[in-house]
Amino acid sequence: MGYAEATAACIIPHLGGLAGRLISSGNGRRNWYKQLKKPMWTPPDFVFGPVWTGLYTSMGYASYLVWRDGGGFVIGSAARQPLAIYGCQLALNWIWAPLFFRKHWLGVSAVEIIAILGSAIATSVAFHKVNDFAGKLLIPYIAWLSLASTINWYIWLNN
(Lines give C-alpha, C1' and ligand atoms only; values in the text may rest on other atoms or scores of the structure.)
Protein backbone atom coordinates (compact mmCIF):
# COMPACT_ATOMS: atom_id res chain seq x y z
CA MET A 1 0.00 0.00 0.00
CA GLY A 2 1.27 3.48 -0.85
CA TYR A 3 0.87 5.22 2.50
CA ALA A 4 2.14 8.56 1.20
CA GLU A 5 -0.27 8.50 -1.74
CA ALA A 6 -3.22 7.41 0.40
CA THR A 7 -2.44 10.09 2.98
CA ALA A 8 -2.14 12.80 0.31
CA ALA A 9 -5.43 11.70 -1.26
CA CYS A 10 -7.11 11.91 2.15
CA ILE A 11 -5.69 15.36 2.88
CA ILE A 12 -6.60 17.00 -0.45
CA PRO A 13 -10.38 17.25 0.18
CA HIS A 14 -9.71 18.80 3.59
CA LEU A 15 -7.62 21.60 2.06
CA GLY A 16 -10.50 23.01 0.04
CA GLY A 17 -12.89 22.50 2.92
CA LEU A 18 -10.55 24.40 5.22
CA ALA A 19 -10.11 27.19 2.69
CA GLY A 20 -13.90 27.48 2.29
CA ARG A 21 -14.32 27.59 6.05
CA LEU A 22 -11.69 30.31 6.44
CA ILE A 23 -13.23 32.37 3.63
CA SER A 24 -16.69 31.94 5.10
CA SER A 25 -15.97 32.29 8.81
CA GLY A 26 -16.49 35.21 11.13
CA ASN A 27 -18.85 36.21 13.90
CA GLY A 28 -21.05 38.24 11.56
CA ARG A 29 -21.60 35.24 9.33
CA ARG A 30 -22.22 32.97 12.31
CA ASN A 31 -24.86 35.39 13.66
CA TRP A 32 -26.44 35.63 10.20
CA TYR A 33 -26.79 31.85 10.02
CA LYS A 34 -28.26 31.58 13.52
CA GLN A 35 -31.00 34.07 12.59
CA LEU A 36 -32.16 32.10 9.55
CA LYS A 37 -35.34 30.03 9.66
CA LYS A 38 -34.11 26.45 9.47
CA PRO A 39 -36.02 23.16 9.32
CA MET A 40 -36.42 21.15 12.49
CA TRP A 41 -34.20 18.39 11.03
CA THR A 42 -31.15 20.68 10.90
CA PRO A 43 -28.37 19.01 12.91
CA PRO A 44 -26.78 20.96 15.78
CA ASP A 45 -23.70 23.00 14.86
CA PHE A 46 -21.28 20.69 16.71
CA VAL A 47 -22.13 17.81 14.34
CA PHE A 48 -20.79 19.46 11.18
CA GLY A 49 -17.06 19.36 11.96
CA PRO A 50 -16.82 15.64 12.76
CA VAL A 51 -19.15 14.69 9.92
CA TRP A 52 -17.16 16.64 7.32
CA THR A 53 -13.89 15.25 8.67
CA GLY A 54 -15.14 11.72 8.10
CA LEU A 55 -16.69 12.49 4.73
CA TYR A 56 -13.64 14.31 3.33
CA THR A 57 -11.34 11.53 4.55
CA SER A 58 -13.49 8.76 3.09
CA MET A 59 -13.86 10.47 -0.29
CA GLY A 60 -10.11 11.08 -0.36
CA TYR A 61 -9.39 7.44 0.41
CA ALA A 62 -11.91 6.37 -2.25
CA SER A 63 -10.06 8.52 -4.79
CA TYR A 64 -6.79 6.86 -3.77
CA LEU A 65 -8.30 3.39 -4.33
CA VAL A 66 -9.46 4.39 -7.81
CA TRP A 67 -6.09 5.97 -8.60
CA ARG A 68 -4.27 2.84 -7.38
CA ASP A 69 -6.51 0.23 -9.01
CA GLY A 70 -7.30 2.18 -12.18
CA GLY A 71 -3.74 2.95 -13.27
CA GLY A 72 -3.34 6.49 -12.01
CA PHE A 73 -3.50 9.53 -14.26
CA VAL A 74 -1.94 7.81 -17.28
CA ILE A 75 -3.72 8.58 -20.56
CA GLY A 76 -6.17 5.81 -21.28
CA SER A 77 -6.20 4.50 -17.70
CA ALA A 78 -9.45 3.38 -16.11
CA ALA A 79 -8.94 5.95 -13.35
CA ARG A 80 -8.73 9.13 -15.46
CA GLN A 81 -12.42 9.75 -16.11
CA PRO A 82 -13.62 8.82 -12.59
CA LEU A 83 -10.95 11.03 -11.04
CA ALA A 84 -11.88 13.90 -13.37
CA ILE A 85 -15.51 13.59 -12.27
CA TYR A 86 -14.29 13.47 -8.67
CA GLY A 87 -12.24 16.63 -9.19
CA CYS A 88 -15.26 18.48 -10.58
CA GLN A 89 -17.39 17.27 -7.68
CA LEU A 90 -14.76 18.37 -5.20
CA ALA A 91 -14.51 21.83 -6.78
CA LEU A 92 -18.29 22.21 -6.58
CA ASN A 93 -18.17 21.13 -2.95
CA TRP A 94 -15.50 23.70 -2.09
CA ILE A 95 -17.44 26.52 -3.75
CA TRP A 96 -20.64 25.96 -1.77
CA ALA A 97 -19.59 27.42 1.61
CA PRO A 98 -18.47 30.80 0.19
CA LEU A 99 -21.68 31.03 -1.87
CA PHE A 100 -23.88 30.30 1.12
CA PHE A 101 -22.04 31.75 4.13
CA ARG A 102 -20.03 34.61 2.61
CA LYS A 103 -22.21 35.82 -0.25
CA HIS A 104 -25.55 34.77 1.30
CA TRP A 105 -26.67 33.60 -2.13
CA LEU A 106 -29.28 31.17 -0.86
CA GLY A 107 -30.85 30.40 -4.24
CA VAL A 108 -27.53 29.98 -6.03
CA SER A 109 -26.24 27.73 -3.24
CA ALA A 110 -29.48 25.69 -3.37
CA VAL A 111 -29.00 25.02 -7.07
CA GLU A 112 -25.28 24.45 -6.61
CA ILE A 113 -25.80 21.85 -3.89
CA ILE A 114 -27.99 19.85 -6.29
CA ALA A 115 -25.08 19.97 -8.75
CA ILE A 116 -22.80 18.67 -5.98
CA LEU A 117 -25.24 15.87 -5.20
CA GLY A 118 -25.53 14.86 -8.86
CA SER A 119 -21.77 14.93 -9.35
CA ALA A 120 -21.25 12.93 -6.14
CA ILE A 121 -23.62 10.25 -7.44
CA ALA A 122 -21.79 10.27 -10.79
CA THR A 123 -18.47 9.98 -8.93
CA SER A 124 -19.73 7.03 -6.89
CA VAL A 125 -20.94 5.22 -10.01
CA ALA A 126 -17.67 5.92 -11.85
CA PHE A 127 -15.59 4.85 -8.83
CA HIS A 128 -17.63 1.65 -8.49
CA LYS A 129 -16.58 0.61 -12.00
CA VAL A 130 -12.92 0.72 -10.93
CA ASN A 131 -13.16 -0.32 -7.28
CA ASP A 132 -16.45 -1.44 -5.75
CA PHE A 133 -15.47 -0.37 -2.22
CA ALA A 134 -14.46 3.11 -3.43
CA GLY A 135 -17.94 3.61 -4.87
CA LYS A 136 -19.53 2.47 -1.61
CA LEU A 137 -17.33 4.81 0.44
CA LEU A 138 -19.21 7.74 -1.10
CA ILE A 139 -22.66 6.56 0.03
CA PRO A 140 -22.51 8.39 3.41
CA TYR A 141 -21.44 11.54 1.56
CA ILE A 142 -24.39 11.22 -0.81
CA ALA A 143 -26.73 10.71 2.15
CA TRP A 144 -25.32 13.80 3.91
CA LEU A 145 -25.61 15.87 0.73
CA SER A 146 -29.23 14.75 0.41
CA LEU A 147 -29.93 16.01 3.93
CA ALA A 148 -27.94 19.21 3.36
CA SER A 149 -29.83 19.84 0.12
CA THR A 150 -33.20 19.74 1.88
CA ILE A 151 -31.90 22.14 4.52
CA ASN A 152 -30.44 24.54 1.94
CA TRP A 153 -33.65 24.56 -0.09
CA TYR A 154 -35.78 25.07 3.03
CA ILE A 155 -33.63 28.00 4.09
CA TRP A 156 -33.82 29.57 0.63
CA LEU A 157 -37.60 29.19 0.39
CA ASN A 158 -38.27 30.42 3.94
CA ASN A 159 -35.88 33.37 4.32
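Since the model is a prediction, treat every value here as computed from it, not as a measurement.

**Looking at the packing of helix α4 (residues 80–102) against helix α7 (residues 139–158)**
Piece 1. Across the interface, α4 lies against α7 with an axial gap of 14 Å and an inter-helix angle of 30°. One way to sum up the angle between α4 and α7 is to call them roughly parallel. Viewed along their axes, α4 and α7 form a crossing whose handedness is left-handed. Taken together, the residues of α7 that come into contact with α4 (itself represented by Q89, N93, W96 and F100) are Y141, N152 and I155.

**Notes on the packing of aromatic side chains**
Piece 1. Tallied over the entire structure, the rule returns 14 aromatic pairs.
Piece 2. Geometrically, the ring pair formed by W96 and F100 is stacked, given 4.8 Å between the ring centres and 15° between the ring planes. Placement of the pair is W96 and F100 together in helix α4, with a separation of 4 residues, close to one helical turn. Per residue, the accessibility class of W96 equals that of F100, and both read buried.
Piece 3. Taking 5.7 Å as the distance between ring centres and 85° as the angle between the ring planes, the aromatic pair formed by W96 and F101 counts as edge-to-face.
Piece 4. Counting every residue linked through ring pairs, the aromatic cluster contains W32, Y33, W96, F100 and F101.

**Observations concerning the nonpolar core**
For soluble globular proteins, nonpolar side chains are generally found buried alongside one another.
Piece 1. M59, F100, F127, Y141, L145 and I155 are the most contacted members of the largest nonpolar core, which totals 35 residues.
Piece 2. Mapped onto this core, the elements with two or more residues apiece are α1 (3–24), α2 (27–35), α3 (45–70), α4, α5 (106–130), α6 (132–137) and α7.
Piece 3. M59 has contacts with P13, Y86, Q89, L90, L138 and Y141, leaving out every residue within four places of it along the chain.

**Observations regarding the side chain of S124**
Piece 1. Relative to the helices and strands, S124 resides in helix α5.
Piece 2. Reaching out from S124, the side chain makes a polar contact with the backbone oxygen of G135 at a distance of 2.8 Å.
Piece 3. The residues touching S124, leaving out its near neighbours within four places in the chain, are G135, L138 and I142.

**Observations regarding the pattern of salt bridges**
Piece 1. Following the criterion strictly, the structure yields 2 salt bridges and no others.
Piece 2. With a closest N to O distance of 2.6 Å, D69 and R68 form a salt bridge.
Piece 3. The partly exposed category is assigned to R68, whose relative accessible area is 39%.
Piece 4. Residue D132 is joined to K136 by a salt bridge in which the shortest nitrogen-to-oxygen separation is 2.9 Å. Highlighted residues: D132 and K136, both in helix α6, separated by 4 residues, approximately one helical turn.
Piece 5. On the accessibility criterion, D132 (35% relative accessible area) is partly exposed.

**Quick look at the side chain of S109**
Piece 1. As for its placement among the helices and strands, S109 is situated in helix α5.
Piece 2. Classification of S109 as buried rests on a relative accessible area of 0%.
Piece 3. For S109, the contacting residues outside a window of four places in its chain are W96, L99, F100 and N152.

Each value, and the rule that gives it
Residues numbered from 1 in each chain as written. Predicted model: local features only at pLDDT ≥ 70, side-chain atom pairs only at ≥ 80, totals over all residues. Heavy atoms only, no water. Axes fitted to C-alpha atoms, helices over the stretch in contact; angles between N-to-C directions. Helix = DSSP H or I, 4+ residues; strand = E, 2+ residues; numbered from the N terminus. Parallel < 35°, antiparallel > 145°, perpendicular 65-115°, else oblique. Left-handed = near helix turned anticlockwise from the far one by under 90°. Contact = heavy atoms within 4.5 Å. Phe/Tyr/Trp six-rings, centres within 6.5 Å; stacked < 30°, edge-to-face > 60°. Buried < 20%, exposed > 50% of the residue type's maximum accessible area, 1.4 Å probe, protein only. Core = buried A, V, L, I, M, F, W, Y, C linked by side-chain atoms within 4.5 Å. Polar contact = N/O pair within 3.5 Å; in protein donor to acceptor, adjacent residues only side chain to side chain. Salt bridge = Lys/Arg side-chain N within 4 Å of Asp/Glu carboxyl O.

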